[in-house]
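# Chains, contacts and geometry: an overview
What follows is each chain in one-letter form.
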Amino acid sequence: MTRLHIQFAAILAVLCLAVAPFVLSPFSITLMNYIGIYSLVAIGLALLTGVGGIVSFGQAAFVGVAAYASAWVSALNGYSPWLGLVFGVVLTCGVATVLGVVTLRLQGHFLSLSTVAWGLAIGFLFGNVEGLGRFNGISSIPPISVGSIALVTSAQIYFLIWGIVAAVLFLGYNLLDSRLGRAMRALRGGNTLVESLGINAFRIKLATFVIAAFLASLSGWLYAHMSRFISPGPFDAGMGIEYLMMSMVGGAGSLLGGVVGAAVVTLLKNSVQDYLPLIAKGASGQLEIVAFSALFILFLQWARQGIVPFVVRYLPKARRERPQPAPPLPRRAQPTPGELLLKVDGAERRFGGLVAVNNVSFEVRAGEILAVIGPNGAGKSTMFNCLTGALRVNKGEIVFAGRPITHDAQSRIAKAGVARTFQHVKLRPRMSLLENVMLGTYARTRSGLFAGAFRLNQREEASARHEALMQLERVGLGDKPFELAGNLPLGNQRILEIARALAADPALLVLDEPAAGLRRQEKLRLAELLRSLRADHLTILIVEHDMEFVMSLVDRIVVLDFGSKLCEGAPAAIRSDERVQEAYLGGVA
Amino acid sequence: MTSDIAAILAIDGIATGAVYALVAIGTVLIFTVTRVIFIPFGDIAAFTALTLAALDAKRFPGTGALVVILACLATLIEIISLMRSGELRLLPRALSFYLLLPLAVVGAAWLVMRLDPPLAVRLVLALMLITPISPLLDRIVFRPIADGTVLLLLTVSVALHFALVGLGLLFFGPEGVRTEPLTSLSTEFAGVLISGQTMLIVIAALVFSGLLYLFFDFTLVGKSLRATAVNRTGSRLMGIRPARAGTIAYLLGSLMAGVSGILIAPVNTVFYDSGFLIGLKAFVGAIVGGMTSYPGAAIGAVGVGILESFASFESSALKDVIVFSLLIPILIWRSLASLHSEEEIEE
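Heads up: these notes are all about the structure in this document. In this text, all values refer to a predicted model and were calculated from it rather than measured experimentally. Along every chain, residues carry numbers that run from 1 in the direction the sequence is written. For naming, the first written chain is A and the first written ligand is 1, with later ones following in the order written. In keeping with the model being predicted, local features are shown solely for residues with a pLDDT of at least 70 and side-chain atom pairs are shown and tallied solely at 80 or more, while totals for entire chains, interfaces and linings include all residues.

### Brief notes about the overall build of chain A
Strands are runs of DSSP state E lasting at least two residues, helices are runs of H or I lasting at least four, and both sets are numbered from the N terminus onward. In terms of regular secondary structure, chain A is built from 23 helices and 12 strands. With respect to the principal axes defined by its C-alpha atoms, chain A has extents near 90 × 55 × 50 Å. The long-range fraction of contacts in chain A, counting pairs at least 24 apart against all pairs at least 6 apart in sequence, stands at 75%. Whether two residues are in contact is decided by their C-beta atoms, placed from the backbone, lying within 7 Å.

Now the structure itself:
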């Protein structure tokens, strides 16, 4: 399947949608309109929950905010629905920004619970504010007019709704394939990974959250002016979970899944309403929600992946062309070999009463490979985390390239030129090798939300793609750039992490136990790679406890034991040092 | 607001809060042992009130039919899973636990009902009928995904709540109920009249929390539950079965929820869907305790009760808005206070 096939399928789908209102019955068109309106929310949730990993139960509240805002502007104050759209979108995005700033730093299920909380609070507000008609709602909302045509019938508003859905899908897929979209797709890998790439994770989360709320506000506006009457019911917590269900049924993480999920859920609900009375007379209203929730639970138990990813598995794989040569990305000024690059001065880190790192000082000079070694519990990993900003030192100072970074956030340290790898490999297994490495170029590229969505970023993208391919070739993984990262063996995954770090054009490469879990052949390959990087004048700091690996590779070694620096020197001197032997092997009796 | 009114509001709030506290403790219990944030506990409390009201009206409550249906479902699922794992020799035990025991409870309740029992017996009957529901739901809904993420379990739990609301309407009807007070005594404390019902609620909350404390600290089963809460794999290696610990936690938790339902029924009119708000407010309390501390959860729940009481005096329409908005600062505080090891989200 090539790009041409995909375009052909998209055009065919658009044609089918355009012809539909001339073929279908009015009832079916109304149903289609609801599907379109729900799709918008579900697409937003696919982005938020599926891509970004933020489970929100509160999207219905955003739909409600926009619906009520537009109804207030148009029905109660007599202005145009288009002004209602502007007000609704601005208000919803404003509310989402405030809620996002307050809650998006919460972790895991705390965050989802907060969405339950504000979803409920906003939902209760609709029914209890005097000016919004309380539980009676707002009626006689005017229809949307395009020019002189008022979109009154369901066949008329159909084109507006599905036009918006098609545009949102188009822009959404563009966005996901851009710099910002890749950052969103990395969110599920955890904050440490995202921040280590120089990405401000919080801002990406906030952007994703506000985009989802924006889509919900479009949906709310369309809903208010299509049904011409609103009450608190369609925006309550129950609807919030229904939206979540739509995006999960369709396939969380797939924008198209949002549309498919909205269609499946809406049609299913409709047929449940049709057929339940036949099975259980008189109890259909109650059974509807039971049947519905039961289906959702069964779905979550047995088919969490969703429909679209399931279908995609059986479609032929997309064939993509290797990236063409492109103008290179700007490079940073590299330090001259021998110059002082990193200085750790009297670093101390405590966990309660335990001093994990105690008054440790050392220096790294440009162009050398320095290893920090020590037995288990020596404080190597803590030292490493302090260097990269994952932990803060309690005392002491860390200076990188002449700038103190002691109190900087991880993403700022990464931007300053420190690129790292992880002891437990952190890759995005469902992204290709190329895309994983392109994540590394984030801090070297500029394009934002609009450039990404409207494809104004093509030159920069081409450069980033080419840079990524060059780094893949540099580490020896250039032959299959479109393979999924999750399919690589562990040794190659570590090497892929190094390629990603190299794509950031770092001044200092920091490797956390790169040899852990590797087989002998893989270790030899890794050492070979690191030597070739040193030949390119790259500075490397390794935290490791594999002695054999370190001794044959590095220029200097710093030995830690029980949190303190034991000694420092060339490999041969360290090997014969009695204190080191004692720390590793126990004292000679 | 005069100090008199403030005192009345405070007492009212403590009583409501004590009811939430019972549910909150149950929520924490389930969460620590099974990692499920069991939103439907509020529904269990509401169903208990509805069950008691039906018993008072000499009707056999819909709870009976609900338990029978759930028992059949759970048995079916258990048989299938036993067949799949080739452990059919465990079938008699499974049948007696998932089918015979719940049916026996319903049958016994049905027989006793014929005898027109006094209030105390009716209370016991209501609790007996309600306790099998959560463990059965656990078997049907949560056991197949016991190893899922907290978020998956939460999503399922929210969906389950909606299913229960629908079932509630089906089995109990749309009418609200208010049962007769358990006591008509009242006393005066510092110039403020305190009803016997309020006293009863607070005492019951204290007694049950105390019993739970004794259970956890002084019985082997209680200790095994605590061990499961701390480390599932570790406790499994020690011969504790997490599934069994989960069942016990659900039994205990639904007993607490049931008691709270009985206590709240004479004070508030309870509908089939009242449970959601009870459950969520208890849950706000549980979060104050970080979802791990029982005293923290109880204190938090009482705080929510008092806040709600004062909020409803200021603006009865917006009291729920106020209570749930408050959850957000609490969540932020908790999230900052608890040290997280970064949890990667499921692919």
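So much for the structure itself; the text now carries on.
### Side note on unusual backbone geometry
All names here are of chain A. Here serine 140, not a glycine, exhibits a phi torsion of approximately 45°, which is positive. Note that serine 140 resides in the loop between helix H5 (108-128) and strand S1 (145-146). Accessibility expressed as a C-beta count within 10 Å gives 10 for serine 140, which makes it exposed. Even without glycine at this site, alanine 401 takes up a positive phi of about 50°. Following the sequence through the fold, alanine 401 ends up in the loop between strand S6 (395-400) and strand S7 (403-404). To sort residues by burial, count the other C-beta atoms lying within 10 Å of each one's C-beta; a count of 20 or more means buried, 12 or fewer means exposed, and anything in between means partly exposed. C-beta atoms are built from the backbone.

### Things to note about the sheet that holds strand S4 (residues 354-365) of chain A
Residue and element names in this part refer to chain A. One open sheet accounts for four strands, arranged S4-S3-S6-S7; its pairing is antiparallel. Each having just a single partner strand, S4 and S7 make up the two edges of the open sheet. One ladder, built from eight bridges, connects strand S3 (residues 340-351) with S4; its direction is antiparallel. Across the sheet, residue lysine 343 finds its bridge partner in S4, namely glutamate 363. Whenever a helix is involved, its axis is fitted only over the stretch in contact; in every case the axis is a line through C-alpha atoms, and angles between N-to-C directions fall within 0 to 180 degrees. Strands in contact with helix H14 (residues 380-388) are S3, S4 and S6; relative to S4, the strand with the most contacts, it is inclined by about 60°. Strand pairing requires that DSSP identify at least two bridges connecting the strands.

### Side note on the packing of helix H6 (residues 133-142) of chain B against helix H7 (residues 150-172) of chain B
All names here are of chain B. Two elements in contact, H6 and H7, have axes separated by 12 Å at closest approach and are oriented at 120°. One element, H6, and the other, H7, form an angle in the oblique class. By crossing handedness, the relation of H6 to H7 is classed as right-handed. Contacts between H6 and H7 involve Leu137, Val141 and Phe142 from the former and Leu153, Val156 and Leu160 from the latter. Polar here means any residue outside two lists: the nonpolar Ala, Val, Leu, Ile, Met, Phe, Trp, Tyr, Cys and Pro, and the charged Asp, Glu, Lys and Arg; Gly therefore counts as polar. Here the contact of H6 with H7 is composed, by residue class, of six nonpolar, no polar and no charged. In these notes the angle categories are as follows: under 35 degrees is roughly parallel, over 145 is roughly antiparallel, 65 to 115 is roughly perpendicular, and the rest is oblique. What makes a crossing left-handed is the near helix being turned counterclockwise from the far one by less than a right angle; a clockwise turn instead makes it right-handed.

### Side note on the sheet that holds strand S10 (residues 539-543) of chain A
All names here are of chain A. Here we have six strands laid out as an open sheet, ordered S8-S9-S10-S5-S11-S12, and mixed in their pairing. Edge positions in the sheet fall to strand S8 (418-420) and strand S12 (564-569), since each has one partner strand and no second. The mean inter-strand angle of the sheet, taken between neighbouring strand axes irrespective of direction, is 20°. Pairing between strand S9 (residues 508-512) and S10: five bridges, direction parallel. Each bridged residue has a counterpart across the sheet, and for aspartate 512 the counterpart in S10 is valine 543. H14 contacts strand S5 (369-373), S8, S9, S10 and strand S11 (556-561) of the sheet and is inclined by roughly 145° relative to S9.

### Here we look at the interface of chain A and chain B
The partner chain B presents 39 residues to the 41 residues of chain A that form the contact. Of the residues assigned to the side of chain A that touches chain B, the class counts are 23 nonpolar, 16 polar and two charged.

### Quick look at the pairing of S11(A)
Consecutive side chains of a regular strand alternate in pointing toward one face of the sheet and then the other. Residue and element names in this part refer to chain A. Alignment of S5 against S11, held across four bridges, turns out to be parallel. Bridging from a neighbouring strand, leucine 370 pairs with arginine 556 of S11. Sheet topology places S11 next to S12; five bridges connect them, and they run antiparallel. Within the sheet, the bridge partner assigned to isoleucine 557 lies in S12 and is glycine 569. The hairpin formed by S11 and S12 contains two residues between the paired strands, and phenylalanine 562 there has a positive phi angle of roughly 45°.

### Quick word on helix H20 (residues 520-535) of chain A
Taking 1.5 Å per residue as the helical rise, H20(A) with its 16 residues ought to reach 22 Å, and the 23 Å between its terminal C-alpha atoms agrees with that figure. Just past H20(A), the residue A:His537 takes up positive phi, approximately 70°. One less than the residue count of a helix, multiplied by 1.5 Å, gives the span that helix is expected to have.

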